[in-house]
Amino acid sequence: MNFNTDTKKCVKKGIVLAGGAGTRLYPSTISVSKQLLPVYDKPMIYYPISVLMLAGIKDILIISTPEDIDNFKKLLKDGSDLGVNFTYAIQPSPDGLAQAFIIGEDFISNEPVALILGDNIFYGQSFSKMLEEASQKVSSEGGATIFAYKVKDASRYGIVEFDKQNKVKCITEKPENPKSDYAVTGLYFYDGNVAEYAKTLKPSKRGELEITDLNNIYLKNSSLDVKIFGRGFSWLDTGTHASLMQAGQYIKTIEDNQGIKIACLEEIAYKMGYLTKDVIRQNISRYKNNDYYTYILNLLK
């Protein structure tokens, strides 16, 4: 997909929340952010960044911990190698997903914005089209668009409950007895009011500013749209050792079978028209002669 963000009204800003202590992945994450761990052949954070780039977003804020932020800067730099612009902010402590909008208030500057969690992977048919539709809807009509996915262990997530007309009835954070098996995924599009709404939230019993409470504000205002990822689509949360291994195996299987690379940022930059072949060819020289380098080189040929 390649849609021109200069001519179409769409979300132009995105946030990747890559904070947290990653305690479920200890001891692997004692000295490194989980979003810097590899998922098969590339750093985990490449996957959420690829989603924002596919949505036509070039202005991206990376939020992480004081201990990890410099490593993200070392990996991603200012984004010019990918035709985008990375800026960075610190989340002093993991006080909830909605805190990202308070931290990023100046970056958002009352404009529509997308948020994606740094440990989420999305892959499936027509995904780029869904991103484009969500981006244009929020930019043109305001409100919020979130995405739901059918899961087995619903009590682990924020859950969307629908009425008999398939309209959103409520969203509940990690209910003990879920009345739905549709989980809210870690991808959200919001209008320019999101930072102000986030500042009105009160910490939950967990002591966090819950993204579910933020979504319920939009629901109460009748301005929340929920899109459902159907069969054949994959949403992977890489927060545990088992799910991290599963994600790596999933990516490897698809890449081996189809001869493609998922979340190859240089490929997306080329196909979106962010960079020319010559610039990309020069930029990838740092990768030397490995499979990632060879894949991009063949793509440019």
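Structural data are supplied above this passage.
**Student:** Now, about the layout of surface pockets: what can you tell me, with residues and values included?
**Tutor:** Taken as a whole, the largest pocket holds about 930 Å³ of empty space. Lining the largest pocket are 39 residues, with Arg24, Leu97, Leu117, Asp119 and Lys174 sitting closest to its centre. Listing elements by their share of the lining of the largest pocket, those giving two or more residues are strand 10 (168–173), strand 11 (182–190), helix 7 (211–220) and strand 13 (234–237). A total of four residues in the lining of the largest pocket trace back to one element, the largest contributor, which is strand 11. Partitioning the lining of the largest pocket into residue classes produces 13 nonpolar, 15 polar and 11 charged. Each pocket or cavity is described by its volume, and for the second largest pocket that value is around 500 Å³.

**Student:** Which residues make up the pairing of strand 6 (residues 113–117), and what are the values?
**Tutor:** Each regular strand shows side chains that alternate between the opposite faces of the sheet. With respect to burial, strand 6 is a largely interior element, five of its five residues being buried. Burial along strand 6 is two-sided: the residues Val113, Leu115 and Leu117 and Ala114 and Ile116 are all buried. For strand 1 (residues 13–17) and strand 6, the ladder comprises five bridges, and the chain directions are parallel. Counted as the bridge partner of Leu17 is Leu117 from strand 6. Both strand 6 and strand 11 contribute to a ladder of four bridges, which runs antiparallel.

**Student:** Kindly report on unusual backbone geometry, identifying the contributing residues and their values.
**Tutor:** One non-glycine residue with positive phi stands out, namely Asn110, at about 60°. Tracing the backbone through its elements, the reader meets Asn110 in the loop between helix 4 (105–108) and strand 6. Note on Asn110: relative accessible area 62%, which makes it exposed. You will see that Ser222, though not glycine, has its phi angle at about 55°, which is positive. With respect to the secondary-structure elements, Ser222 resides in the loop between helix 7 and strand 12 (224–229). The class of Ser222 is exposed, set by a relative accessible area of 70%.

**Student:** Run through the environment of Glu266, naming residues and quoting values.
**Tutor:** As for its placement among the helices and strands, Glu266 is situated in helix 9 (residues 265–271). Separated by 143 residues in the primary sequence, Glu266 and Tyr123 place their C-alpha atoms 17 Å from one another. Every residue in contact with Glu266, bar those within four places of it in the chain, is listed here: Leu82, Ile280, Ile284, Tyr287, Tyr292 and Ile296. At 2.6 Å, the side chain of Glu266 forms a polar contact with the side chain of Tyr292.

**Student:** Any chance you could break down the environment of Asn120 for me, citing the residues and the numbers?
**Tutor:** Assignment of secondary structure puts Asn120 in strand 7 (residues 120–123). Using a relative accessible area of 3% as the deciding quantity, one classes Asn120 as buried. Between the C-alpha atom of Asn120 and that of Met44, which follows or precedes it by 76 residues, the distance is 8.4 Å. If we ignore the near neighbours within four places in the chain, the residues touching Asn120 are Tyr47, Pro48, Thr185, Gly186, Trp235, Leu236 and Asp237. Within the local environment of Asn120, its side chain forms a polar contact with the side chain of Trp235, the two groups lying 2.8 Å apart.

Reading the values: the criteria
Residues numbered from 1 in each chain as written. Predicted model: local features only at pLDDT ≥ 70, side-chain atom pairs only at ≥ 80, totals over all residues. Heavy atoms only, no water. 1 Å grid on protein atoms, 1.4 Å probe; cavity = no way out; pocket = protein on both sides within 12 Å on 5 of 7 lines; lining within 4 Å. Points joined across faces, edges and corners; volume = space filled by probe spheres on them. Helix = DSSP H or I, 4+ residues; strand = E, 2+ residues; numbered from the N terminus. Nonpolar A, V, L, I, M, F, W, Y, C, P; charged D, E, K, R; others polar. Buried < 20%, exposed > 50% of the residue type's maximum accessible area, 1.4 Å probe, protein only. Pairing = 2+ DSSP bridges. Contact = heavy atoms within 4.5 Å. Polar contact = N/O pair within 3.5 Å; in protein donor to acceptor, adjacent residues only side chain to side chain.

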